[in-house]
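In case you want the letters, here they are:
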Amino acid sequence: MEIGLKILVPLIEISVVLGIVLFHVAYITYFERKILSHMQDRLGPMEVGPHGLLQPIADGLKLFFKEDIIPAGADKIIFSIAPIIVLVPALIGFAVIPFAKESITIFGLTFKPFITDINIGILYIFAFASIGAYGVILGGWASNSKYALLGGLRAGAQMVSYELALGLSIIGVLLLSQSLSMVQIVEAQNRIWFVLLQPVAFVIYVICAVAETNRLPFDMPEAESELVAGFFTEYSGMRFSFFFLAEYANMILVSCIAAILFLGGWHAPFKFLEFIPPTIWFILKVYFILFFFIWIRGTLPRVRYDQLMKFGWKVMIPLSLANIIVTSIVLYIVRG
Amino acid sequence: MAIPDAGAIMERFPGAAHENSSGGLDVIIVPKDKIPGIAEFLKNDPSQNYNFLSDITCVDYLNMRASLGAFYNPSGGGLRPIPGHPERRERFEIIYNLYSIPRGCRVFLKVYIDDKDLELESVTGVWKGADWFEREVYDMFGIKFKNHPDLRRILMPSAWKGHPLRKDYPIGGEEVVFTANKDTIDPQEVDIKELSIGDDEIYAALMLNLGGGTRLSTIKGDEPIRMDSGERRIILNLGPQHPSTHGLLRLVLDLDGERIKKVMPIIGYLHTGIEKNCEQLTYQKALTLTDRVDYLTPLSNNLAYCLAVEKLMDIDIPLRAQYARVILCELSRIASHLVYLAAQGLDVGVMSLFFYCFNERELIQDIFEYISGVRMMTSYINIGGLRYDLQEGFKEKVTAFIDRFSSKIDEFEELLTNNPIWIKRAKGIGMLSPEDAINYSVSGPSLRASGVNWDVRKAAPYSCYDHFDFTVPLGEKGDVFDRYVVRIEEMRQSLSIIRQALAALPDGPCRSQDRKILTPPKKELARSMEAVIHHFLISSAGFPVPKGEAYSSIESPRGEVGYYVVSDGSGKPYRVRIRGASFANLQAISRVSEGFMIADLIAIIGSFDPVLGEVDR
């Protein structure tokens, strides 16, 4: 009985978190389309359900029933597993994201507001996120198409270089919170959010996050005006939707991390606003960052591939290194 | 108007003759062997300075001679001489259309070519832009240009039999080779020498992908060509189905990583034989085809065609129609530049701009629909004026639009002009020097972005453009950014022209009252037999146009659009040659994009704003 419960509770937690995440992944596509449409003087999806609210479901069903085409010249095994290699790391990161503070008790069972709180939470996420790059490169390579290959190569180079800056940008936060555990990082922001203490790091993080998730203005790997669809040009049906889901899951993941590391996680911005449940605050913050992502997609042109690499190596990485040094010195002086 | 120094040419090149044609063209008839020499002289001699090759085309006089009593003798001897022109026995007439940008004058060289000896010296050594023009003449008439670097078919599939614009080419029943049916159609042998081009690798890549009935095996026995050159590079096929080639344009890229070593444009996917079709229709009906040439600015093409026919018929156009034509053409210039801006934005990833621009363009289309009942292919500008008078309320609608658009244009500019990412993407990319631009026959905003001040509206005002006050915006470097700035500024100038023309729009008829071209009014039909006959003739056989030839060029949003119309005196044009601005402009793409990256190439294509309908016709 004890053992059964020990297995049952995490299983329920996992399925709830996965369910919620996938629901949001589906609906972030809807929000993106709606927000972009309204920015662009049009309505966006309106047909399926009221104001097109059921559009993501219709899209999902459509993709599910589409013919699954594997090009004749493709490497079949790698072509098939590449989407999985991309999607799994994107979802697995949510295991350590804390959505709230207090546990919930239902029917005598205690559910934590996160799947697990390992003491290297943030490292765990980054470690898995890097695996996603393999999927992209493999997918591009296995398609046996020049467009996909170029897209895959671009993606590989881009993700590797921006992961560096991304990793370096959060070290300031880690120095402040003195922990790698997501829960403890949030709790360390009880009094003041790290975005106020680490504004440079926040900016670097957001820029790198955009690049890391391959979104405009850094959507080189799938620049549709140049490479048709980049690394997933040859994909169709479910496999295509795996890449698609992964992209949006990654977007939510990096937004969650930003909310946790810089925007105080589930904390309310002011004391008198604490009557609003912490989970709502967390979701609001995540959606604020997601909105920002969509907003810049509606505004900015795409940079060129070599400009992107130059920007990553010559601006972002030196800046984040400088941020680490300054933070360390200040902390040394303040904390003695 | 005679060219000032025709005497100098005839003195230098004995055998050349000067002739004023009925349509008011300045023509110099040049002996066949003298053409490269005279071309060189006309281009480089400071007193001539014909630096811009506007067009090269050809007319097949087979039928015209027949209708004049001469007949074609296939067993040799060419054509019987035409009465009154004893010297002309040759079947083909090649026409070189030269323009001097510094002097602002135009001259036509004519070379007569006989059926038996279809070879002519190429002028690609004098003007780079001659390349595609000569290829088209070869493709359509089968005239071979000696020393041409790459004489292949350009619009028709490479395995096509015959030369469609020849008068004895059978019409109808051709089996068109597509990828789907190429196995059922007997693949025709392709002459290797005819197809051979400079770079073997690209050639091979090209042939590998070529669907049109050409088999790789036809190149070298049954051995497929291998592409091991030891170099590490990618041959990438971009288009014809690609999101950002602006239509059915195909480019074969030779890449070193993502850097472009060579670009080879392949066109003809949208070739619909408009020039040939025009010959089968009456002048009035052929007008509707000109809409389809450049589908982003149909009215400009209407105008260019009408101007040529009106020159032949010598009709006076009422002032109201002239002003209305200016307003309409400038509106469609704005509409076309909006599509350019939208597409250029999309090319570099600014999706929002695309929708903003199309919103505004929609309003212009609404105006067109309001006055003509049709949104795009209006055929509203007609021979003799406009098809019918402007609708009541036209002025108010246009005024409302220009008032709204003047502020919108600043908003659009805000999105791009000072955007650091756009500046990085556009400045210093795809530079075209003024010399190259002229040499490649580039015209329009793309030419002016390089700093060459040539706008047909200013240089040879048509349709009362000289009544209006406007400036011609110029660029400096000729890069993607300059081409963008020039077009934005042109929209502002267009607004100013529209404003002036609206204020001065006179009352009166909107079409010439010449009963030769007008169908009789309804009330006469009930009473007069002559009116019924006249009505019937105009509707079926068309109104006759006096024999002769005329050329008219206008400044379309993409550059010089010219119509060369030859009439044999009947109700149908004998030959309509369309000088598409995009066709010439597109040649320069391979020149300017070498050494840049794929992403730049996309921006460069967009910056030339090609319309493939106009390229392929």
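Residues numbered from 1 in each chain as written. Chains lettered and ligands numbered in written order. Predicted model: local features only at pLDDT ≥ 70, side-chain atom pairs only at ≥ 80, totals over all residues. Heavy atoms only, no water.

1. Observations concerning a positive patch on the surface
Phase 1 of the analysis: A contiguous patch of positive charge on the surface is contributed by Lys310(A), Lys314(A), Arg259(B) and Lys424(B).
Phase 2 of the analysis: Note that Lys424(B) resides in helix 13 (residues 420-426). (Patch = residues over 30% accessible without salt bridge, like charges linked within 9 Å, V, L, I, M, F, W, Y side chains within 5 Å. Areas by Shrake-Rupley, 256 points an atom, 1.4 Å probe, with all protein chains shown as cover. Salt bridge = Lys/Arg side-chain N within 4 Å of Asp/Glu carboxyl O. Lys, Arg positive; Asp, Glu negative; His and termini not counted. Charge placed at Lys NZ, Arg CZ, Asp CG, Glu CD. Helix = DSSP H or I, 4+ residues; strand = E, 2+ residues; numbered from the N terminus.)

2. A word on the packing of helix 9 (residues 199-212) of chain A against helix 13 (residues 305-335) of chain A
Residue and element names in this part refer to chain A.
Phase 1 of the analysis: Where helix 9 contacts helix 13, the two axes come as close as 10 Å, and the packing angle between them is 150°. Between helix 9 and helix 13, the crossing angle belongs to the class labelled roughly antiparallel. Crossing handedness for the pair helix 9 and helix 13: left-handed. Across the interface between the two elements, Val200, Ala201, Ile204, Ile207 and Cys208 from helix 9 touch Phe311, Met316, Leu319, Ser320 and Asn323 from helix 13.
Phase 2 of the analysis: Partitioning the contact of helix 9 with helix 13 into residue classes produces eight nonpolar, two polar and no charged. (Axes fitted to C-alpha atoms, helices over the stretch in contact; angles between N-to-C directions. Parallel < 35°, antiparallel > 145°, perpendicular 65-115°, else oblique. Left-handed = near helix turned anticlockwise from the far one by under 90°. Contact = heavy atoms within 4.5 Å. Nonpolar A, V, L, I, M, F, W, Y, C, P; charged D, E, K, R; others polar.)

3. Section: a nonpolar patch on the surface
Residue and element names in this part refer to chain A.
Phase 1 of the analysis: Nonpolar side chains collect at one region of the surface, where Leu53, Leu54, Ile57, Leu61, Phe64, Phe65 and Met238 lie side by side and expose about 690 Å² of accessible area between them.
Phase 2 of the analysis: Residue contributions to the nonpolar patch peak at four residues, all from helix 2 (residues 55-65).
Phase 3 of the analysis: The topology assignment puts Leu53 in the loop between helix 1 (2-39) and helix 2.

4. Here we look at the environment of Glu275(B)
Residue and element names in this part refer to chain B.
Phase 1 of the analysis: Relative to the assigned elements, Glu275 resides in helix 7 (residues 274-280).
Phase 2 of the analysis: Take Glu275: its relative accessible area is 5%, and that puts it in the buried class.
Phase 3 of the analysis: Distance from Glu275 to Tyr112, taken between C-alpha atoms, is 21 Å for residues 163 residues apart in sequence.
Phase 4 of the analysis: In contact with Glu275, not counting residues within four places along its chain, are Glu136, Leu165, Arg575, Val576, Arg577, Ile578 and Arg617.
Phase 5 of the analysis: At 3.1 Å, the side chain of Glu275 and the side chain of Arg575 are in polar contact. (Buried < 20%, exposed > 50% of the residue type's maximum accessible area, 1.4 Å probe, protein only. Polar contact = N/O pair within 3.5 Å; in protein donor to acceptor, adjacent residues only side chain to side chain.)

5. As for helix 10 (residues 319-347) of chain B
Phase 1 of the analysis: The terminal C-alpha atoms of helix 10 of chain B, which comprises 29 residues, lie 41 Å apart, in line with the 42 Å expected from a rise of 1.5 Å per residue.
Phase 2 of the analysis: Immediately beyond the C-terminal end of helix 10 of chain B, within one or two residues, lies Gly349(B), with a positive phi of roughly 100°. (Expected span 1.5 Å × (residues − 1).)

6. Some remarks on the sheet that holds strand 14 (residues 559-567) of chain B
Whenever strands of a sheet pair, they do so through backbone hydrogen bonds, lying parallel or antiparallel.
All names here are of chain B.
Phase 1 of the analysis: What the three strands build is an open sheet, ordered 13-14-15; its pairing is antiparallel. Because the sheet does not close on itself, it has two edges, and the strands there are strand 13 (548-556) and strand 15 (573-579). The sheet shows a mean angle of 15° between the axes of neighbouring strands, direction not considered.
Phase 2 of the analysis: Relative to strand 14, strand 13 runs antiparallel, the two being bridged by nine bridges. Paired with Ala550 across the bridge in strand 14 is Val565.
Phase 3 of the analysis: Contacting strand 14 and strand 15, helix 8 (residues 283-293) crosses the sheet at an angle of about 155° to strand 14. (Pairing = 2+ DSSP bridges.)

7. Topic: the packing of aromatic side chains
Think of a pair of aromatic rings as described by two things: how far the centres are apart, and how the planes are tilted against each other in angle.
Residues and elements named next belong to chain B.
Phase 1 of the analysis: Per the stated rule, a full pass over the model turns up 33 aromatic pairs over all chains.
Phase 2 of the analysis: Their ring planes at 70° and their centres at 5.5 Å tell us that Phe108 and Tyr551 sit as a pair that is edge-to-face. On the criterion of sequence distance, the pair formed by Phe108 in strand 5 (residues 105-113) and Tyr551 in strand 13 is long-range, its members being 443 residues apart.
Phase 3 of the analysis: You can call Phe108 buried: its relative accessible area is 3%.
Phase 4 of the analysis: Over the ring of Phe608 we find Arg483, and its NZ or CZ is 4.3 Å from the ring centre.
Phase 5 of the analysis: Just above the ring of Phe583 sits the side chain of Arg617; from NZ or CZ to the centre is 4.9 Å. (Phe/Tyr/Trp six-rings, centres within 6.5 Å; stacked < 30°, edge-to-face > 60°. Lys NZ or Arg CZ within 6 Å of the ring centre and 35° of its normal.)

8. Here's the deal with the domain arrangement of chain B
Quoted interface sizes are often the accessible area lost when the parts come together.
Residue and element names in this part refer to chain B.
Phase 1 of the analysis: On domain assignment, one finds that chain B holds domain 1 (6-154 + 160-178), domain 2 (194-266) and domain 3 (274-516 + 546-616).
Phase 2 of the analysis: Opposite the 19 residues of domain 2 that make contact, domain 3 presents 16 residues.
Phase 3 of the analysis: Roughly 1600 Å² of surface becomes buried between domain 2 and domain 3 when both sides are summed, with 69% attributable to carbon and sulfur atoms.
Phase 4 of the analysis: Remark: the boundary between domain 2 and domain 3 carries zero salt bridges.
Phase 5 of the analysis: Here domain 2 is connected to domain 3 by three residue pairs in polar contact (both at pLDDT 80 or more).
Phase 6 of the analysis: Top element by residues in the side of domain 2 that touches domain 3 is strand 10 (residues 259-266). It accounts for six residues.
Phase 7 of the analysis: Of the residues belonging to the side of domain 2 that touches domain 3, the class tally is ten nonpolar, five polar and four charged. (Domains from an automatic or database assignment. Buried area = accessible area lost by both parts, 1.4 Å probe.)

9. Here's the deal with the state of the cysteines
Among covalent bonds in proteins, the disulfide is the one between the sulfur atoms of two cysteines.
Phase 1 of the analysis: Going through the model one piece at a time under the given rule, you end up with zero disulfides over all chains.
Phase 2 of the analysis: Of all cysteine sulfurs, the one in Cys256(A) lies closest to Cys208(A), which takes part in no disulfide; the gap is 18 Å. (Disulfide = S-S within 2.5 Å.)

10. Concerning the nonpolar core
Phase 1 of the analysis: Ranked by internal contacts, the top residues of the largest apolar core, which has 170 residues, are Ile94(B), Tyr96(B), Ile143(B), Tyr305(B), Leu341(B) and Tyr563(B).
Phase 2 of the analysis: Sorting elements by how many residues they give to this core places helix 10 of chain B first, with 14 residues.
Phase 3 of the analysis: Those residues in contact with Tyr96(B), other than ones at most four positions away along the chain, are Ile35(B), Asp55(B), Ile56(B), Val107(B), Phe108(B), Leu109(B), Val111(B), Leu120(B), Glu121(B), Val123(B) and Phe145(B).
Phase 4 of the analysis: Phe232(A), Tyr235(A), Ile257(A) and Trp266(A) belong to the second-largest nonpolar core, a separate cluster that totals 88 residues. (Core = buried A, V, L, I, M, F, W, Y, C linked by side-chain atoms within 4.5 Å.)

11. Thoughts on empty space enclosed by the protein
Residues and elements named next belong to chain A.
Phase 1 of the analysis: Evaluated as defined, the whole model comprises four cavities of 30 Å³ or more.
Phase 2 of the analysis: Roughly 230 Å³ of internal volume is contained in the largest cavity.
Phase 3 of the analysis: Lining the largest cavity are 22 residues, and of these Met159, Glu212, Thr213, Ala246 and Asn250 sit closest to its centre.
Phase 4 of the analysis: For the lining of the largest cavity, the elements supplying multiple residues, two or more each, are helix 3 (76-92), helix 4 (121-142), helix 5 (146-169) and helix 11 (237-261).
Phase 5 of the analysis: Counting residues per element, the lining of the largest cavity draws most heavily on helix 11, which supplies seven residues. (1 Å grid on protein atoms, 1.4 Å probe; cavity = no way out; pocket = protein on both sides within 12 Å on 5 of 7 lines; lining within 4 Å. Points joined across faces, edges and corners; volume = space filled by probe spheres on them.)

12. Concerning the interface of chain A and chain B
Phase 1 of the analysis: Contacts between chain A and chain B engage 26 residues on the former and 36 residues on the latter.
Phase 2 of the analysis: For the chain A and chain B pair, buried surface summed over both sides reaches about 2600 Å², with 57% attributable to carbon and sulfur atoms.
Phase 3 of the analysis: Taken together, the connections running from chain A to chain B amount to one salt bridge.
Phase 4 of the analysis: Between Asp600(B) and Arg304(A) there is a salt bridge, with the nearest N and O atoms lying 3.0 Å from each other.
Phase 5 of the analysis: Where chain A meets chain B, there are eight residue pairs in polar contact (both at pLDDT 80 or more).
Phase 6 of the analysis: Contributing elements (two or more residues each) for the side of chain A that touches chain B: helix 1, helix 5, helix 10 (224-227), helix 12 (278-299) and helix 13 of chain A.
Phase 7 of the analysis: The element best represented in the side of chain A that touches chain B is helix 5 of chain A, accounting for four residues.
Phase 8 of the analysis: In terms of residue class, the side of chain A that touches chain B is made up of eleven nonpolar, five polar and ten charged.

13. Overview of the pairing of strand 2 (residues 26-29) of chain B
Residue and element names in this part refer to chain B.
Phase 1 of the analysis: Residues Asp26 and Ile28 of strand 2 are buried on one face, and the alternating residues Val27 and Ile29, pointing to the opposite face, are buried as well.
Phase 2 of the analysis: As defined by bridge partners, strand 2 adjoins strand 5 across three bridges and the pair is classed as parallel. Bridging across to strand 5, Val27 finds its partner in Phe108.

14. Digging into the pattern of salt bridges
Residue and element names in this part refer to chain B.
Phase 1 of the analysis: Taken as a whole and assessed by the stated rule, the structure comprises 37 salt bridges over all chains.
Phase 2 of the analysis: Salt-bridge contacts for Glu310 lead to Arg325; the nearest nitrogen and oxygen are separated by 2.7 Å. Residue Glu310 is found in helix 9 (residues 298-313), and its partner Arg325 is found in helix 10; the two are separated by 15 residues along the sequence. Grouping residues by exposure puts Glu310 and Arg325 together as buried.
Phase 3 of the analysis: Of the charged contacts in the structure, one is a salt bridge between Glu614 and Arg558, with a shortest N-O distance of 3.7 Å. Residue Glu614 is found in helix 22 (residues 612-616), and its partner Arg558 is found in the loop between strand 13 and strand 14; the two are separated by 56 residues along the sequence.
Phase 4 of the analysis: When its relative accessible area of 0% is taken as the criterion, Glu614 is described as buried.

15. Let's talk about the confidence of the model for chain B
Residues and elements named next belong to chain B.
Phase 1 of the analysis: Scored by pLDDT, chain B has a mean of 79; 83% of the residues are at 70 or more.
Phase 2 of the analysis: When the criterion is pLDDT under 50, residues 68-84 qualifies, and its contacts beyond four places in sequence or with other chains add up to 29 contacts.
Phase 3 of the analysis: In this model, residues 187-202 is a region of pLDDT below 50 whose contacts with residues beyond four sequence positions or in other chains number 38 contacts. (pLDDT = per-residue confidence, 0-100.)

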